[in-house]
Every structure is written in C-alpha cells, then in structure tokens.
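Chain residues, written in single-letter form:
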Amino acid sequence: MNIPPSTGAALEVRGLVKTFAAGLPPALDHLTTSFHAGTITGLVGPDGAGKTTLLRTLAGLLQPTEGSVLVLDMNPFTQGDSLRDLIGYMPQKFGLYEDLSVLENLELYADLRNVTGEERERSFKQMLAFTDLARFTDRLAGKLSGGMKQKLGLACTLLGSPRILLLDEPGVGVDPISRRELWRMVRELASEGLTILWSTAYLDEAELCDDVRLMNEGNIIASGTPKELMDQMRGRCLHVANLKSQRREVLRKALHDPEVVDGVIQGSNVRLVIREVGRFPDLAAMEAGPDAVLVEVDPRLEDAFISRLGGIHGGDSALAAVTRPVELPASIDPEAVIEARGLTKRFGEFTATDHVSFKVSKGEIFGLLGPNGAGKSTTFKMKCGLLKPTEGQALVMGLDLKFSPSEARQRLGYMAQKFSLYLGLTVEQNLVFFSGIYGLDGQQQKGKIHELVEAFGLRPYLQTKTVDLALGFKQRLALACAVMHEPQILFLDEPTSGVDPVTRREFWTHINGLAQKGVTIMVTTHFMDEAEYCDRIALIYRGKRIAMGTPDDLKGMVVTPDCSNPTMEDAFIELVLRADRERETQVTQ
Amino acid sequence: MNLTPSLRRLLALCRKESYQIVRDPSSILVAFILPVVFLFVMGYAINLDADHVRVGVLREDPGPAAVRFEQVLSASKAFEVHSGPSREALVNRMARGDLRGVVVIPRDFSIRMAQGHGKASLQVLADGSEPNTAAFVGNYVQGAWESWQQGLARDQGRTQPLGLEIRTRSWFNPSTISRNFLVPGSISVVMTIIGALLTSLVVAREWERGTMEALLATPVTRTELLASKIIPYYGLGMIAMVICMLVAVFVMGMPFRGSVLVLFGVSTLFLGSALGLGLFLSTVMRSQFNAALAALTAGYLPALMLSGFVFEISSMPAPIRVITRFISARYLSSSLQTLFQVGNLGSVQGYASIWLLALTVFWIGLTALKTRRTLD
C-alpha cells in the first residue's frame with residue numbers, strides 16, 4: 001500500500017483517559033497514539049472498544065478525564081472555537097435532519113459553517129456531483145436509502161473544507177455496494193491531503209485503510225498499516241480443503257488442536273490460524289478425510305485481531321451438549337423443515353417481498369443476504385410468523401403460519417436484532433420469564449435454566465441487571481432465552497452485529513453445534529464472513545430472490561478472468577449489480 | 001446578503017426549525033386546531049352557570065302572598081318548578097335525583113307577611129351531593145326572596161322594610177356568566193400547552209436523532225442554539241394566541257376592553273416563560289417521551305389546577321397559594337380577564353408582567369445553564 005509522505009502528526013493523544021461514571025471501567029484507558037496528515041486511519045474494534053469516545057474527544061465534544069489531546073497543535077476542548085472550522089465530524093446516523101430535503105440539509109450546514117457566496121455555489125455543485133445526489137435535491141433526507149444518507153452526511157461534513165475528517169462508523173447500516181462507493185470518495189479526499197479517521201466494527205473494511213488502530217476495551221492493542229499487521233500473520237493462515245466429511249465437525253475437532261488459535265468455516269473449506277509458522281495441525285485428528293490438504297492462504301486483519309486477543313480454544317458448544325438431537329415426526333419432510341412458497345408481501349403499492357420460494361432441510365444453516373431495504377427482513381419476519389404474507393405460504397414443519405401460528409411458534413426459537421431482552425430485569429428474571437412464556441414450569445423450568453446458565457457461563461451474573469451486561473453476555477443471554485423450549489428451528493436476525501470477533505466465534509460454535517444436533521437454522525446477516533458459515537444462501541434484492549446456493553456456488557457465479565478468486569463480498573456486489581443491469585435491459589426493451 | 005456569521009447561523013437554524021414545524025403535522029395540530037377545540041369545549045360545554053335546575057315547591061299555605069312567591073320562582077329562568085302534594089313525595093323525588101332541591105312555603109307564610117315584620121320564613125332543602133348546585137339553589141331562592149320583598153315594599157310605599165338590606169352587584173361581569181372567566185382561563189391553559197409541550201420535544205429530538213452531536217461539531221454557539229429554539233416557537237405561539245383571541249371575541253362574543261399593545265406585551269412575556277419551561281425540560285431529559293410527560297405534569301396540570309381557572313386561588317391553603325405564584329398561566333389568566341372585562345389596569349397587568357418576566361428569566365436562564373457545548 002502506498003502511504004503519502006508523512007507531514008507529521010495531525011492528531012496526537014497522550015495518556016488519554018475518559019471515565020463517564022465512577023465504578024464503571026473507563027471508556028478510554030491511558031491511550032497514546034498519533035495520526036498522520038493525509039492518511040486514512042481505521043479505528044477498528046467491537047462495540048464498547050472506545051472508538052466513538054475517542055472521536056468525540058478529538059472533535060472537542062468530550063472533556064478528557066486525564067491526558068492530553070492535540071489536533072493540529074491545538075487543544076480541541078479549550079480551543080474549540082478556532083478548531084471547529086478545521087474539523088469535520090460525522091456522527092453515527094450521519095447527523096442529518098430527516099424532515100429536511102437534501103438541499104435544505106446542505107444549506108443548513110453551509111450556513112452553520114459560514115460557507116457563502118461563490119464558494120457556496122461551487123461546493124454545492126461539487127458535493128452534489130461527488131455524491132451523485134443532484135437528482136434528489138428535493139427529496140427529504142428521511143426518504144433516502146442508507147447509502148444515500150451516508151453520502152449526504154459526508155457532503156454536509158465536508159462543507160467548509162475541513163482539514164480533518166472524523167467519521168464514526170460510516171459503514172453501519174450501509175450495504176457493501178454503497179460502502180465501496182463511499183470508499184472511493186474518501187480515498188479521493190485523502191489524496192487531496194485530508195486527514196481521515198474512520199471508525200468501524202468491520203475488520204474487512206479496515207483492510208482498506210492506510211493505517212489501522214485495533215482497539216479493545218478502551219485501549220489500542222495493535223497499530224500499523226494493514227499490510228504490516230497482516231504480514232505478521234503470513235504463513236499462519238491455512239485452508240483445510242478437499243474435505244470429505246462434515247466441515248462443521250472438522251472445525252470442532254481442529255479447534256481442539258493446540259497448534260490452532262482460530263478457525264472458521266469458509267465455503268466448503270475450514271480456515272485455520274496456527275500458533276507458529278510451520279507447525280501444522282494434525283489432519284488425521286480432525287478426521288478431515290483422505291484427500292484433505294492444507295493450503296496456505298492470505299492473512300486477514302481479523303486474524304491479527306484475534307491472535308492479539310489470545311485466540312480461541314475449544315470448538316465444543318456447551319449448549320449443543322445439553323441439547324437433545326432433533327427427531328422429526330415421520331410426517332414431516334426432512335428436506336422441507338422450513339418452506340416458503342411464492343411468499344409475497346405488499347405494503348400498499350410497494351412490494352417488499354416478491355414471490356420468494358425456498359426450502360430448508362433439517363440441520364441446515366440457511367442465510368438470507370441482501371442490501372438494506374431489499375426485503376430480507378420482511379421475508380424473515382413472515383417466516384417466523386411476525387408478518388402475515390399478502391400472498392403465498394410460509395410453512396414451518398409443514399404448518400402454515402397463517403393458520404396455526406401459535407402451534408408453529410412453539411417449535412421455533414427467535415433471536416431478534418436488538419436481542420429483545422428486558423433490560424430492567426436481572427439475568428435470572430429474564431430466564432424465568434422467557435421459560436415461563438414458553439410454558440416451562442416447576443422442576444422442568446428449574447432444570448432447563450440451570451443447564452443454560454452453566455452452558456453459557458451466566459452463573460456470576462444471575463443477579464446483574466441485564467442493562468449492565470457487556471454486549472457479548474447480552475447476546476449469550478438472548479440465545480439462552482431463544483432456545484429455552486428446545487426449538488427444532490431457530491431464527492436469528494443479525495445476531496452478531498457489533499460484537500467482537502472472539503464473541504462472534506463463540507456464538508457460531510453454539511450455532512454449529514445446534515445444527516449438528518439437527519436444529520434447522522435461518523439467519524440474516526450483514527457480515528460476509530458470517531455468510532460463509534451458511535450451508536446455503538438466498539440473496540434477496542428488490543424483493544426478489546436473485547440467487548441461491550452454497551457460498552462457493554455464489555462465488556463461482558461471478559468468477560471472471562479478472563477475478564479468479566472472488567470473495568463473498570465480491571459475489572454479493574456483482575450479483576446485485578447484475579440484477580440491476582438485467583432490470584435496466586428489461587425496462588429499455 | 002451581508003450577514004455576520006453569527007446572524008447567518010441563527011437564521012439558518014430558525015429556518016430549519018420552521019421547516020420542521022411546518023412538516024410535522026402534530027405541531028400544526030397543537031398550535032392551530034387544539035386552541036379552537038379547547039376554547040369551544042371550555043367555553044360552551046363546561047358551564048358553571050346553572051340553568052333550569054329542577055326544584056320542587058311545596059306550598060302549604062293557600063294565601064295570596066304564598067301563591068305570588070311561587071309564581072316568582074316559576075317565572076325564573078334558573079328554575080324548573082315542580083309543585084308537589086306533600087313533603088315526603090318531594091323529598092323522595094329529590095332522593096331519586098329527580099329534583100335538586102325542595103322549597104317549602106310554610107302554612108303561616110301569608111299571615112306573617114301580612115303582619116309586615118319581615119319575619120316570614122322559608123325552608124330550602126338542597127341536594128348536597130352536588131355542592132355547587134346545592135349552593136346555587138340556596139342562594140338563588142334567597143335572592144329571589146329578597147328582590148321580591150323589595151318590590152313588595154316599593155309597591156306599598158315603604159322604605160327600608162327589612163332593616164338591613166344587602167345588595168349585591170356584579171361588576172365587570174355584570175351578567176355573572178362564568179364563560180367570561182372560563183375563556184381567559186382556557187386560553188391560558190391552551191397557551192401553556194403550546195408553549196411547554198412543543199418546546200419540550202425540540203431539544204430532546206435533536207439528541208434522540210443524533211443531530212445534536214453534528215450541530216455541536218459546527219461553530220454554533222450556545223446562545224444561537226437556544227435562540228433558534230425559542231424564536232420560531234414564539235412565532236407559532238403568537239399565531240395561536242391571535243387565533244384564541246379572534247375566536248374569543250368574534251365567535252364567543254367576549255368583550256375586549258383593553259389595548260392590543262398590552263395584550264401583545266403580556267403574551268410575549270407569558271410565552272417566554274412557557275417556552276422556557278418546555279426547553280428546560282427538553283434539555284435536561286434528552287428524551288422526547290420523558291420531556292413531554294414532564295411538560296404535561298409541570299405545565300398543563302398546574303395551569304389547569306393552580307391558575308385560578310378551576311379553583312379559586314384565594315380559597316387555597318397558604319402553602320399552595322405560594323406555589324401558584326410560580327405558575328405563569330395564573331398571570332396570563334388574570335391579565336386576560338381584566339383585558340376582556342375592564343381594560344388596561346396597571347396594577348393587574350403590571351404585576352403580572354413583573355412575575356412573568358421573572359419566570360421567563362428563571363426558566364431560560366436555567367436552560368442556558370444546563371445547555372452544554374459538549375456531550376458530557
């Protein structure tokens with residue numbers, strides 16, 4: 001990667017501590033680092049790592065508890081008035097007024113930043129061209145898509161020509177296509193000399209930055225260019241390819257190998273990270289089959305992150321250990337435990353889901369993937385009985401959710417995006433409540449709660465209020481509540497948004513374990529690496545199913561001479577663009 | 001336009017706020033529809049005057065004086081007189097709720113009247129389960145009795161027949177129509193809602209939608225931010241005030257004896273304090289839901305209960321009377337009453353203005369203290 005010559009540190013923090021309330025761990029814990037002018041630096045880490053607090057402190061919006069902050073050699077907290085014109089800060093949710101039009105938002109921020117006269121005309125023209133929003137100047141910001149909102153937010157931040165850009169999770173809620181476009185824009189800005197800080201929870205996104213700070217629990221655990229960080233991992237990343245047996249079982253066994261520090265499923269292969277270069281794990285112990293081979297692959301930033309955090313060990317799910325194998329009644333077709341038949345949902349004129357059909361077989365992990373607003377959430381909600389289809393049928397174990405919703409619901413577990421736990425109740429109270437509504441009582445209830453508390457390591461937190469739990473524990477609790485009644489089918493709606501990669505591995509260990517016990521799983525996700533865990537994926541776009549198959553099938557669909565080894569994200573983008581092109585040709589014909 | 005940056009920012013923020021008002025149907029509803037509905041409900045439906053109260057009359061005396069007095073009662077618009085055969089029958093009807101009171105004209109009524117000592121007596125039984133009506137029945141029978149006796153005395157050429165004579169004249173509300181104090185009272189309540197409820201949402205909304213963070217990262221100052229939250233809503237409040245006054249005067253037939261200028265001054269000060277209260281709550285709570293609840297509790301309810309609108313302030317316990325001094329609706333209500341019925345009265349509007357100014361400074365000052373340029 002080509003880094004522009006350093007012109008010195010544009011931003012510098014030394015021994016920075018920020019504490020919000022006594023008794024809580026500090027949001028930033030003696031953080032020292034600097035950011036160079038004219039570069040894009042990625043602040044990467046899970047929710048709660050301190051990314052937003054750091055950005056807000058740099059923007060002069062928070063007073064440091066301890067330590068010093070220098071932005072362009074000024075203190076942003078005390079010299080904010082002189083600095084504000086030089087800093088562009090885009091908060092999460094982009095800071096737009098949803099009831100103002102695109103142009104009105106631009107005008108407001110131009111006035112606030114004192115951009116007037118000719119300069120104003122010029123920058124509006126430039127911004128609208130840059131963001132490709134010129135056609136939408138009269139549209140209310142609230143009616144824009146996630147990607148367009150993000151571009152408008154960036155445009156508003158750029159008014160007044162700041163020298164420093166602080167972007168707080170600009171990629172959240174934005175599909176890969178819009179994210180790629182945003183990168184192009186930001187790259188262009190950096191080449192003009194802007195210093196850009198980009199915070200993200202996606203490690204793959206950070207690979208595109210010039211420089212990276214990996215953050216965890218209020219501190220920086222690694223700094224360097226993505227290349228430096230990834231090179232440290234070179235030779236330690238392997239694919240176990242040509243598997244004959246179940247790849248989930250291979251992964252489970254591989255994680256028991258002392259040489260392995262991390263492992264995930266990638267398409268039909270298992271991807272492993274090993275402790276030291278050259279010390280390979282034992283393929284025989286994994287029972288990977290006679291043809292299995294180890295192939296070295298390129299490292300990813302996530303490998304560096306996980307290995308810094310000590311890696312993960314043991315691929316056994318304590319949850320799966322206490323789950324009984326699913327026995328389906330003979331009347332149910334094991335090839336169609338979940339089935340959608342021409343599933344359609346219209347909201348007035350708008351068709352959110354348009355004749356989507358698929359079958360999911362027993363023990364399969366089935367993923368719904370798609371850009372925001374493409375209709376995957378609507379499809380998902382119809383599948384678990386939260387929305388009634390306008391047309392078509394949503395069947396769960398042969399039962400139509402329209403006619404026997406409660407009977408069907410008793411067999412399915414549902415984990416919602418924001419976990420839908422009662423935050424004011426303690427962990428134990430949540431467990432008792434959810435087991436109660438699924439009809440458990442007496443010894444059975446006590447026994448099940450005990451099992452789950454042990455399986456998820458919730459014992460020390462039983463009396464903790466749920467609101468005070470760390471995100472990872474909230475997620476464990478939510479999963480515990482969703483599987484309380486031992487459902488044969490599990491629905492997961494963006495289950496791991498915002499949690500750190502280690503916790504995400506642990507979560508997928510449980511999900512893999514459940515699938516091996518025969519639980520059928522349907523999941524929506526934004527994470528491309530999460531999509532790799534799925535046996536099959538349906539790609540939903542503009543309400544339609546535009547592709548379906550195994551992750552490798554989807555990748556195979558987009559192989560071209562230019563791109564012989566596409567990633568899941570490449571496949572996603574290419575398939576969506578292809579659908580757009582087909583639609584255009586249909587329209588012009 | 002050659003504006004200073006500060007003025008340009010303020011104008012931009014005010015414009016933004018106005019767009020938001022115009023595009024949010026609920027604020028239009030609160031500002032334009034609510035006052036009209038509220039005024040009509042308060043002015044017409046709630047009527048503290050009693051008309052056609054059903055009373056029973058038991059005349060035990062067949063004499064001419066007794067007959068005439070019964071006729072006096074029957075002729076009154078206030079009563080719907082039902083004559084009854086016996087005390088028990090009438091009392092039973094009252095117990096059933098059929099009658100609100102019973103007037104007994106005793107057997108010796110005419111004789112005592114004829115003796116001319118003014119010692120004739122009447123018995124009035126009133127249904128105490130509705131104290132207001134009961135008091136009304138008692139007072140009205142007494143009034144009818146007194147005016148009848150005076151008329152009688154005049155006819156007979158006598159002066160001062162009763163020794164001490166009490167004459168009550170209602171000034172400023174000569175017809176003693178309660179609408180004349182209900183309307184100013186309900187205007188005060190409506191204006192409190194508009195002032196406090198609307199502004200209670202506006203700062204909290206910025207926090208909830210994450211736009212406050214973006215604003216704070218621009219060169220906006222605290223003063224500009226506060227002023228931009230007050231000015232548009234002051235405009236909205238004034239429009240609502242004009243609507244209220246137009247409805248009161250031209251639809252409900254209220255007199256207006258004061259000056260528009262005084263009205264403008266008092267309304268401005270009142271809106272300052274009401275907007276200030278709402279802004280303060282919004283700033284402290286940072287959540288639209290909590291702030292709106294607090295605005296209802298701290299604005300609307302006291303305006304209804306403690307402004308002298310429903311309950312007479314002078315009859316409240318002393319500590320509560322002290323609290324009413326901090327309720328701005330009280331001052332608007334009293335000022336409007338005088339402006340409608342009397343005219344400009346320095347002692348009322350001047351006093352009210354001083355208190356309203358103090359409350360405005362208090363709430364806006366407190367809001368300014370709580371408004372931070374940072375997110376801490």
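This structure is a prediction, so every number in the text was calculated from the model and none was measured. (Residues numbered from 1 in each chain as written. Chains lettered and ligands numbered in written order. Predicted model: local features only at pLDDT ≥ 70, side-chain atom pairs only at ≥ 80, totals over all residues. Heavy atoms only, no water.)

1. Notes on the overall build of chain A
(1) Moving on: In terms of helices and strands, chain A carries 21 helices and 23 strands.
(2) Moving on: Relative to the globule expectation of 25 Å for 589 residues, the C-alpha radius of gyration of chain A, 25 Å, shows essentially globular dimensions.
(3) Moving on: Taken along the three principal axes of its C-alpha coordinates, chain A extends 75 × 60 × 55 Å.
(4) Moving on: Residues classed as buried in chain A amount to 58% of the 589 residues present.
(5) Moving on: Of the contacts made within chain A by residues no fewer than 6 positions apart, 71% connect residues no fewer than 24 positions apart.
(6) Moving on: Carbon together with sulfur atoms contributes 50% to the accessible area of chain A, which is approximately 24,000 Å² in total.
(7) Moving on: Computed over 65 positive and 77 negative side-chain charges, the separation of the two mean positions in chain A equals 4 Å. (Helix = DSSP H or I, 4+ residues; strand = E, 2+ residues; numbered from the N terminus. Rg over C-alpha atoms; globule rule 2.2 N^0.38 Å. Buried < 20%, exposed > 50% of the residue type's maximum accessible area, 1.4 Å probe, protein only. Contact = heavy atoms within 4.5 Å. Areas by Shrake-Rupley, 256 points an atom, 1.4 Å probe, with all protein chains shown as cover. Lys, Arg positive; Asp, Glu negative; His and termini not counted. Charge placed at Lys NZ, Arg CZ, Asp CG, Glu CD.)

2. Some remarks on the packing of helix α17 (residues 471-482) of chain A against helix α18 (residues 501-516) of chain A
Residues and elements named next belong to chain A.
(1) Moving on: The interhelical angle for the contact between α17 and α18, taken along N-to-C directions, is 15 degrees, at an axis separation of 10 Å. In terms of axis orientation, α17 runs roughly parallel to α18. By crossing handedness, the relation of α17 to α18 is classed as right-handed. Judged by residue contacts, G472, Q475, R476 and L479 of α17 engage T503, E506, F507, H510 and I511 from α18.
(2) Moving on: Classifying every residue of the contact of α17 with α18 by side-chain character gives three nonpolar, four polar and two charged. (Axes fitted to C-alpha atoms, helices over the stretch in contact; angles between N-to-C directions. Parallel < 35°, antiparallel > 145°, perpendicular 65-115°, else oblique. Left-handed = near helix turned anticlockwise from the far one by under 90°. Nonpolar A, V, L, I, M, F, W, Y, C, P; charged D, E, K, R; others polar.)

3. Some words on the pattern of salt bridges
(1) Moving on: Scanning all chains against the criterion turns up 55 salt bridges over all chains.
(2) Moving on: We note a salt bridge from R23 of chain B to E104 of chain A, for which the minimum N-O separation is 2.6 Å. Here R23 of chain B is found in helix α1 (residues 5-23), whereas its partner E104 of chain A is found in helix α3 (residues 102-112) on a different chain.
(3) Moving on: Residue R23 of chain B is classed as partly exposed on the basis of its relative accessible area of 34%.
(4) Moving on: Classification of E104 of chain A by relative accessible area gives buried; the value is 12%.
(5) Moving on: Through salt bridges with shared partners, a single ionic network connects E249, R252, K253, E287 and D316 of chain A. (Salt bridge = Lys/Arg side-chain N within 4 Å of Asp/Glu carboxyl O.)

4. Describing a nonpolar patch on the surface
Residues and elements named next belong to chain B.
(1) Moving on: On the surface, F40, Y44, V242, L246, F250 and V251 cluster together into a nonpolar patch covering about 590 Å² of accessible area.
(2) Moving on: Of all the elements in the fold, those that place two or more residues in the nonpolar patch are α2 (25-45) and α9 (222-251).
(3) Moving on: Examining the composition of the nonpolar patch, we find that four residues originate from one element, α9, more than from any other.
(4) Moving on: Position of V251 relative to the elements: it lies in helix α9. (Patch = residues over 30% accessible without salt bridge, like charges linked within 9 Å, V, L, I, M, F, W, Y side chains within 5 Å.)

5. Looking at the packing of helix α9 (residues 247-254) of chain A against α18 of chain A
All names here are of chain A.
(1) Moving on: Where α9 meets α18, the closest approach of the two axes is 10 Å, and the angle between their N-to-C directions is 130 degrees. Relative to α18, the element α9 lies oblique. The crossing of α9 and α18 is left-handed. Residue-level inspection shows R248, E249, L251 and R252 of α9 in contact with α18, the latter providing N512, A515 and Q516.
(2) Moving on: By residue class, the composition of the contact of α9 with α18 is two nonpolar, two polar and three charged.

6. Structural notes on the domain arrangement of chain B
Accessible area lost upon the coming together of the parts serves often as the stated size of an interface.
(1) Moving on: On domain assignment, one finds that chain B holds domain 1 (5-46 + 177-370) and domain 2 (53-155).
(2) Moving on: Between the C-alpha centres of domain 1 of chain B and domain 2 of chain B there is a distance of 48 Å. (Domains from an automatic or database assignment.)

7. Remarks on the interface of chain B and chain A
(1) Moving on: On the chain A side, the residues contacting the 27 residues of chain B number 28 residues.
(2) Moving on: When chain B packs against chain A, the two sides together hide about 2,600 Å² of surface, and 57% of this comes from carbon and sulfur.
(3) Moving on: Where chain B touches chain A, the interface holds four salt bridges.
(4) Moving on: Across the chain B-chain A interface, the total number found is ten residue pairs in polar contact (both at pLDDT 80 or more).
(5) Moving on: Elements with a contribution of two residues or more to the side of chain B that touches chain A: α1, α7 (179-208) and α8 (211-216) of chain B. (Buried area = accessible area lost by both parts, 1.4 Å probe. Polar contact = N/O pair within 3.5 Å; in protein donor to acceptor, adjacent residues only side chain to side chain.)

8. Here we look at α18 of chain A
Each turn of an α-helix holds 3.6 residues, which means side chains three or four residues apart point in the same direction.
All names here are of chain A.
(1) Moving on: An ideal rise of 1.5 Å per residue puts 22 Å on 16 residues; α18 measures up with 22 Å between its terminal C-alpha atoms.
(2) Moving on: When you tally the buried positions in α18, you get 13 out of 16 residues, the bulk of the element.
(3) Moving on: Of the residues one or two after α18, G518 is the one with positive phi, at around 100 degrees. (Expected span 1.5 Å × (residues − 1).)

9. A few points about the packing of aromatic side chains
(1) Moving on: Counted by the stated rule, this structure contains 18 aromatic pairs over all chains.
(2) Moving on: Aromatic side chains F507 of chain A and W508 of chain A sit 6.3 Å apart centroid to centroid with 85 degrees between the ring planes, which places their arrangement in the edge-to-face category. Judged on exposure class, the residue F507 of chain A and its partner W508 of chain A are both buried.
(3) Moving on: Ring centres of F326 of chain B and W355 of chain B lie 5.8 Å apart, and the angle between their planes is 85 degrees; on these two criteria the pair is classed as edge-to-face. Here the residue F326 of chain B occupies a position in the loop between α12 (318-324) and α13 (328-341), and W355 of chain B occupies one in helix α14 (residues 346-370), the gap between them amounting to 29 residues.
(4) Moving on: By relative accessible area, which is 24% here, W355 of chain B ends up partly exposed.
(5) Moving on: These aromatic residues form a ring-pair network of at least three members: F326, Y331, Y351 and W355 of chain B.
(6) Moving on: The lysine or arginine in question, R476 of chain A, covers the ring of F473 of chain A, its NZ or CZ lying 4.4 Å from the ring centre.
(7) Moving on: A cation over a ring is seen here: R286 of chain B above W207 of chain B, with NZ or CZ 3.7 Å from the ring centre. (Phe/Tyr/Trp six-rings, centres within 6.5 Å; stacked < 30°, edge-to-face > 60°. Lys NZ or Arg CZ within 6 Å of the ring centre and 35° of its normal.)

10. Observations concerning the side chain of R205 of chain B
(1) Moving on: Tracing the chain through its elements places R205 of chain B in helix α7.
(2) Moving on: If we ignore the near neighbours within four places in the chain, the residues touching R205 of chain B are E17, Q20, D24, Y233 and Q288 of chain B.

11. Re the pairing of strand β7 (residues 195-200) of chain A
Residue and element names in this part refer to chain A.
(1) Moving on: When you tally the buried positions in β7, you get six out of six residues, the bulk of the element.
(2) Moving on: Side chains of β7 alternate between two faces, with T195, L197 and S199 and I196, W198 and T200 buried alike.
(3) Moving on: Strand direction decides the pairing type here: strand β6 (residues 164-167) and β7, joined by four bridges, are parallel. Bridge pairing in β7 links L166 to L197. (Pairing = 2+ DSSP bridges.)

12. Comments concerning the sheet that holds strand β13 (residues 293-296) of chain A
Residues and elements named next belong to chain A.
(1) Moving on: Sheet architecture is open: four strands sit in the order β11-β12-β10-β13, paired in antiparallel fashion. Every interior strand has two partners, whereas the edge strands, β11 (260-266) and β13, have only one. The average angle at which neighbouring strand axes cross in this sheet is 30 degrees, direction not considered.
(2) Moving on: Of the strand pairs in this sheet, β11 and strand β12 (residues 269-274) are connected by six bridges, and their pairing is antiparallel. Counterpart to I265 in the pairing with β12 is V270.

13. Notes on the environment of L197 of chain A
Residues and elements named next belong to chain A.
(1) Moving on: Among the structural elements, L197 can be located in strand β7.
(2) Moving on: Between the alpha carbons of L197 and I164 there is a distance of 8.0 Å; along the sequence they are 33 residues apart.
(3) Moving on: Every residue in contact with L197, bar those within four places of it in the chain, is listed here: L11, F35, T41, L43, L55, L58, L165, L166 and L167.

14. Describing helix α6 (residues 131-155) of chain B
All names here are of chain B.
(1) Moving on: The terminal C-alpha atoms of α6 lie 36 Å apart, and with 25 residues this matches the ideal 36 Å at 1.5 Å per residue to within 8%.
(2) Moving on: Residues of α6 that are buried: T133, A134, V137, V141, A144, W145, W148, Q149, Q150, G151, L152 and A153.
(3) Moving on: Tucked into the core, α6 has its buried residues touching β1 (53-59), α3 (64-75), β2 (79-83), β3 (101-105), α5 (109-115) and β4 (123-126).

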